[in-house]
Amino acid sequence: MLGLKKTFSLVVISLLLLQTACSQKIYKDAKQPISNRISDLVAQMTIEEKVAQLMMSKNIIWDEKDNIKIEVAKEHLDKGIGLLWFDKYLEAERMVEIYNASQKFLVEESRLGIPAFVFGEGLHGVLAPKTTMYPQAIAMASTWDTALVEEVYTAIALEMRARAQNIAFTPVIGLARDPRWGRTDETFGEDPYLVGSMGVAAINGLQGRNAILIDKNHVAATAKHFVAHSVPQAGVNRAPAAVTKRAMYEHFFLPFEWAVKKAKVKALMATYHEIDGVSMVANKKLITGVLREDWDFDGLITSDADAINHLHQLHSVTENKAASAKKALETGVDFDLAIVKKDYCFQELPAMVKAGKVSIKDIDRAVSKVLKVKFELGLFEDPYIDVKNVTKVTHTQKHIDLALKTAEKAIVLLKNKDNTLPLDASKIKKLAVIGVNAAELQFGSYSMDEKVGVSILEGLKAYGKDKFKVTYAEGAKITNEVGMWKPERNGTLSNPEADKIAIQKAVKVAKENDVAIVVVGGNEFTARETWSDEHMGDRDDLNLLGSQNEMVQEILKTGKPVVVLLINGRPLTINEIDEKAPAIIECWFLGEETGTAVAKTLFGEVNPGGKLPITFPRSVGQLPYYYNHNPTAHLYAHLFKEKGPLYPFGYGLSYTTFEYSNLKITSENATADQEIKISVTVKNTGKVTGDEVVQLYIRDAISSIVRPVKELKGFKRITLKSGETKTVTFEIGREELQFYNEDMKRVVEPGKFIIMVGGNSEKLIKKELIIK
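(A) Highlighting the overall build of the protein. Broken down by element type, the protein carries 23 helices and 25 strands. Whereas a compact globule of 772 residues would reach a radius of gyration of roughly 28 Å, the protein reaches 28 Å, a difference of no more than 12%. Taking all 772 residues of the protein together, 62% fall into the buried category. Taking as baseline every contact in the protein between residues at least 6 positions apart, the subset at least 24 positions apart corresponds to 77%. Carbon and sulfur atoms form 52% of the exposed surface of the protein, whose accessible area is close to 30,400 Å².

The structure is reproduced here in structure tokens:
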């Protein structure tokens, strides 16, 4: 009898072991559906292991020599971890070795062997040393070229994954509706259609075109910042969003909806601010109601850094970390992106589950979303990176060439009186280059302080070699310090008296040369994310800082031909410069090939074809100023001021001219469910080849809700040779004609629509369309 019991016990143990082995095999079996693998793994996890997947670890397991501390790792990572953040910027090979060692520990030492996310910033290049730095996002938007933007983010993903980073906290797809905001340069502009199009292109580049699995040349993208973070009150970062419910649905939602439905983005970031008194990470109507239920988003929703802490620390809607964790989790937030371990709110969850204060179902939902993206990244099959590959694919000549091409396409010509540009090198013996931004490189937000690239001064010297002599003068400063994005300190304005002396020297240099290139604008101290009193970037006006405007005016008085270049991260109110300077170019932050692109443009090797993705107001008194405003928004001018913007949305000149004609609609009486084709003829009427961005706008002429005066619904960038004509065709339907009615339901109301096509949002030809 005893032997029989022993035999029975052995059989039971064997069956249990077999069941465990089979169960483990499911989540490790790449042939199994991801949903099965998730269910299997979640069923085996303890509450502590589940919650560990909902948090990150920053620098905990590495010593001062960047070697792994095994005992510390065993203490902190024995239950696994959701995300690793090592915020030192080491050589690429060493970073890969560190991350491979971290993944090895997690896979081999933690009980279930779950690999970690490793996040990277890739706004316009990987935030790391010796990577390719492309033009800033606002400049990429100025290309109006989605294929090019997808190519750029494909290259960024390749460099990022090679450095062992597998999830990117980018792109930024908020609408820049208040240029005082220091993060304006991170956006793709003010318009939902343009931002949505650029966002889809960026996500496709980062993730690849496979809707489910991501290969080892790509990363998971995180669209941010959901939602309306880009319109804080007074333009001050993290302030309550100044947005109505209708504007949020009509405009701010669209880029995120496209990111979810068209680009299949893997993750979204819920941010810090509040809307109408409800904190974003506690806004269940938007996080669960809109994202999960209305849009069927099944990816990961993370908080922004420390955003859950803000519930009790700043917004005072909860009492402590535990209450904040419960609130965010039940809202639908899956991941607590707290920077410092003591601030991790989600670490309170295991005790709350055991006390019956939090449902295990909410924990399982969140951990399932994290695991889903890890499975889709292929991390369970191969979490490691080939250390030999990183230098092969990083900052290659192909990527440098792409950075140059993007910079060339991003440049916007704002003014060109009497064909001042392009310059003729054969007629110039001496060229003056003036301004600190001519000698310094400015890459914009989320870039390294140590910059490698070609400055404007270097680019012009290289271009002028054996042609003309270049003389440099610093002129008036922007800040006393060289602009930098990351340092936890603010720039300081220069002494006006010192600037007077510098301006005198600059004027002298201008007089002694044939042409003056004057470079003004901002730097990375004056346009960046505000996250503390020591790291600020929001402004209360849009004028040139310091004595820059005075410098330009004094140089203009010399009578020499003057070209003004703007290097900046936001629209500037340069009214006097626009009135008096013969030529003005908007460069934004053009990346590492700034100088080469500028030189080629100034001398006509490149014909500028960029268009503004954001309106330039005449003063902050006009704010908010965006082109797709309602009819009475800018009905009158301010007292003693001129009406209208300084430069409208979609605006940009060329060294050639274009003529629009023959606007046609296939069916001028149609239904919303028809495919309606709109065509227009565009002719290059100038003497040189040039690019034009053909823009389609629509207005619902009579509607039950007040509608914008026009809305962008299509664009195409084309190249035309001198005298060449092309017919450009757009297709529209329900998606382009619909709006939210009084019940906040999308409808197309029968009636008259105005179809408008042209080269910017103001100079348009029109035709009526009747929807039955």
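(B) Region of the structure containing the sheet that holds strand β13 (residues 515-521). Strand order in the open sheet formed by 6 strands is β10-β15-β14-β13-β11-β12, and the pairing between neighbours is mixed. Strand pairing shows two members of the sheet lacking a second neighbour, β10 (412-416) and β12 (469-473), which therefore form its edges. On average, each strand axis in the sheet is tilted by 20 degrees relative to the strand beside it, whichever way the strands run. Inspection of the sheet shows strand β11 (residues 430-434) paired to β13 by 4 bridges, in the parallel sense. If you follow alanine 432 over to β13, its bridge partner there is alanine 516. Set on the sheet, helix α19 (residues 496-511) makes contact with β11, β12 and β13; between it and β11 the angle comes to about 160 degrees. Each of β11, β13 and β14 (562-567) is contacted by helix α20 (residues 548-556), which is oriented at about 165 degrees to β13, the strand it contacts most.

(C) Main features of helix α16 (residues 397-410). In a regular helix each residue adds 1.5 Å, so 14 residues correspond to 20 Å; α16 covers 20 Å between its end C-alpha atoms and thus fits that length. Those residues of α16 that fall on the buried side of the exposure criterion are His399, Ile400, Leu402, Ala403, Leu404, Thr406, Ala407, Glu408 and Ala410. Next to the buried residues of α16 lie α6 (137-143), α7 (146-162), α15 (390-393), β10 and α22 (594-602).

(D) Inspection of the environment of alanine 328 at higher detail. Tracing the chain through its elements places alanine 328 in helix α12 (residues 321-331). C-alpha separation for the pair alanine 328 and glutamate 586, spaced 258 residues apart in sequence, amounts to 42 Å. With sequence-adjacent residues up to four places away left out, alanine 328 is seen in contact with Val281, Ile308, Val333 and Phe346.

(E) The packing of aromatic side chains, seen in detail. According to the stated counting rule, one finds 23 aromatic pairs in the structure shown. Ring geometry for tyrosine 193 versus tryptophan 258: centroids 5.3 Å apart, planes at 80 degrees, classification edge-to-face. Placement of tyrosine 193 in helix α8 (residues 192-207) and of tryptophan 258 in helix α9 (residues 245-261) is noted, with a sequence separation of 65 residues between them. For tyrosine 193, a relative accessible area of 18% gives the class buried. What makes tryptophan 258 buried here is its relative accessible area of 9%. Relative to tyrosine 740, the ring of tyrosine 249 lies with its centre 5.4 Å away and its plane at 85 degrees, an arrangement referred to as edge-to-face. Of the two residues, tyrosine 249 sits in helix α9 while tyrosine 740 sits in strand β22 (residues 739-740), which places them 491 residues apart along the sequence. Like tyrosine 249, the residue tyrosine 740 is buried in the burial classification. A connected cluster of aromatic rings, assembled from ring pairs, spans Trp144, Tyr193, Trp258, Tyr627, Phe649, Tyr697 and Phe715. Across the ring face of tyrosine 626, the terminal group of arginine 177 is positioned such that the distance to the ring centre comes to 3.9 Å.

(F) Spotlight on the environment of methionine 551. Checked against the element boundaries, methionine 551 lands in helix α20. In this structure the C-alpha to C-alpha distance between methionine 551 and arginine 161, which are 390 residues apart in sequence, comes to 45 Å.

(G) Looking closely at the sheet that holds strand β21 (residues 725-732). Taken in spatial order, the 3 strands line up as β16-β18-β21 in an open sheet, and their pairing is antiparallel. Here the strands that pair on one side only, and so sit at the sheet edges, are β16 (658-665) and β21. Averaged over all pairs of adjacent strands, the angle between strand axes in this sheet comes to 20 degrees, irrespective of strand direction. Of the strand pairs in this sheet, strand β18 (residues 676-684) and β21 are connected by 8 bridges, and their pairing is antiparallel. Residue pairing across strands places lysine 677 opposite glutamate 731, the latter belonging to β21.

(H) Geometry of the nonpolar core. Of all hydrophobic cores here, the largest spans 133 residues; its most connected members are Phe226, Val227, Leu349 and Leu371. Those residues in contact with leucine 349 that lie beyond four places of it in its chain are Val51, Leu54, Ala325, Lys326, Leu329, Val358 and Ile363. Judged by nonpolar contacts, the second largest core, of 72 residues, contains Ile411, Val564, Ala583 and Ala597.

(I) How the structure looks around the pattern of salt bridges. The full count for this structure, using the stated rule, is 43 salt bridges. In this structure, aspartate 364 engages lysine 50 in a salt bridge whose closest nitrogen and oxygen atoms are separated by 2.7 Å. Here aspartate 364 is found in helix α14 (residues 360-376), whereas its partner lysine 50 is found in helix α3 (residues 47-52), with 314 residues between them in sequence. We classify lysine 50 as buried; its relative accessible area is 7%. Of the charged contacts in the structure, one is a salt bridge between aspartate 178 and arginine 180, with a shortest N-O distance of 2.7 Å.

(J) Representation of the side chain of aspartate 499 in the model. Tracing the backbone through its elements, the reader meets aspartate 499 in helix α19. No salt bridge is formed by the buried aspartate 499; the nearest opposite charge belongs to lysine 477, separated by 7.2 Å. A distance of 3.2 Å separates a polar atom in the side chain of aspartate 499 from the backbone nitrogen of lysine 477. Here aspartate 499 is in contact with Ala476, Lys477, Ser494 and Ser547, once residues within four sequence places are set aside.

(K) Region of the structure containing the packing of α16 against α22. Their axes nearest at 9 Å, the elements α16 and α22 cross at an angle of 45 degrees. If you check the angle between α16 and α22, you find them oblique. Handedness of the crossing formed by α16 with α22: right-handed. Between α16, through Leu404, Ala407 and Glu408, and α22, the contact on the second element is made entirely by Thr596, Ala597 and Lys600.

(L) Seen up close, the side chain of asparagine 523. One can find asparagine 523 in the loop between β13 and α20. A relative accessible area of 2% means that asparagine 523 is categorised as buried. A distance of 3.0 Å separates polar atoms of two side chains, one belonging to asparagine 523 and the other to threonine 479. Looking at asparagine 523, its side chain comes within polar contact range of the main-chain nitrogen of phenylalanine 525, at 2.8 Å. With residues up to four places along the chain from it excluded, the contact list for asparagine 523 reads Gln442, Ile478, Thr479, Glu481, Gly483 and Phe589.

(M) Seen up close, α9. Along its length, α9 reaches its greatest deviation from straightness, about 55 degrees, at phenylalanine 253, and the proline proline 255 lies no more than four positions downstream. Counting buried residues along α9, 13 of its 17 residues qualify, which places the element largely inside the surrounding structure.

Cut-offs and rules
- Residues numbered from 1 in each chain as written.
- Predicted model: local features only at pLDDT ≥ 70, side-chain atom pairs only at ≥ 80, totals over all residues.
- Heavy atoms only, no water.
- Helix = DSSP H or I, 4+ residues; strand = E, 2+ residues; numbered from the N terminus.
- Rg over C-alpha atoms; globule rule 2.2 N^0.38 Å.
- Buried < 20%, exposed > 50% of the residue type's maximum accessible area, 1.4 Å probe, protein only.
- Contact = heavy atoms within 4.5 Å.
- Areas by Shrake-Rupley, 256 points an atom, 1.4 Å probe, with all protein chains shown as cover.
- Pairing = 2+ DSSP bridges.
- Axes fitted to C-alpha atoms, helices over the stretch in contact; angles between N-to-C directions.
- Expected span 1.5 Å × (residues − 1).
- Phe/Tyr/Trp six-rings, centres within 6.5 Å; stacked < 30°, edge-to-face > 60°.
- Lys NZ or Arg CZ within 6 Å of the ring centre and 35° of its normal.
- Core = buried A, V, L, I, M, F, W, Y, C linked by side-chain atoms within 4.5 Å.
- Salt bridge = Lys/Arg side-chain N within 4 Å of Asp/Glu carboxyl O.
- Lys, Arg positive; Asp, Glu negative; His and termini not counted.
- Polar contact = N/O pair within 3.5 Å; in protein donor to acceptor, adjacent residues only side chain to side chain.
- Parallel < 35°, antiparallel > 145°, perpendicular 65-115°, else oblique.
- Left-handed = near helix turned anticlockwise from the far one by under 90°.
- Bend = angle between axes of the 7 residues up to and from the residue.

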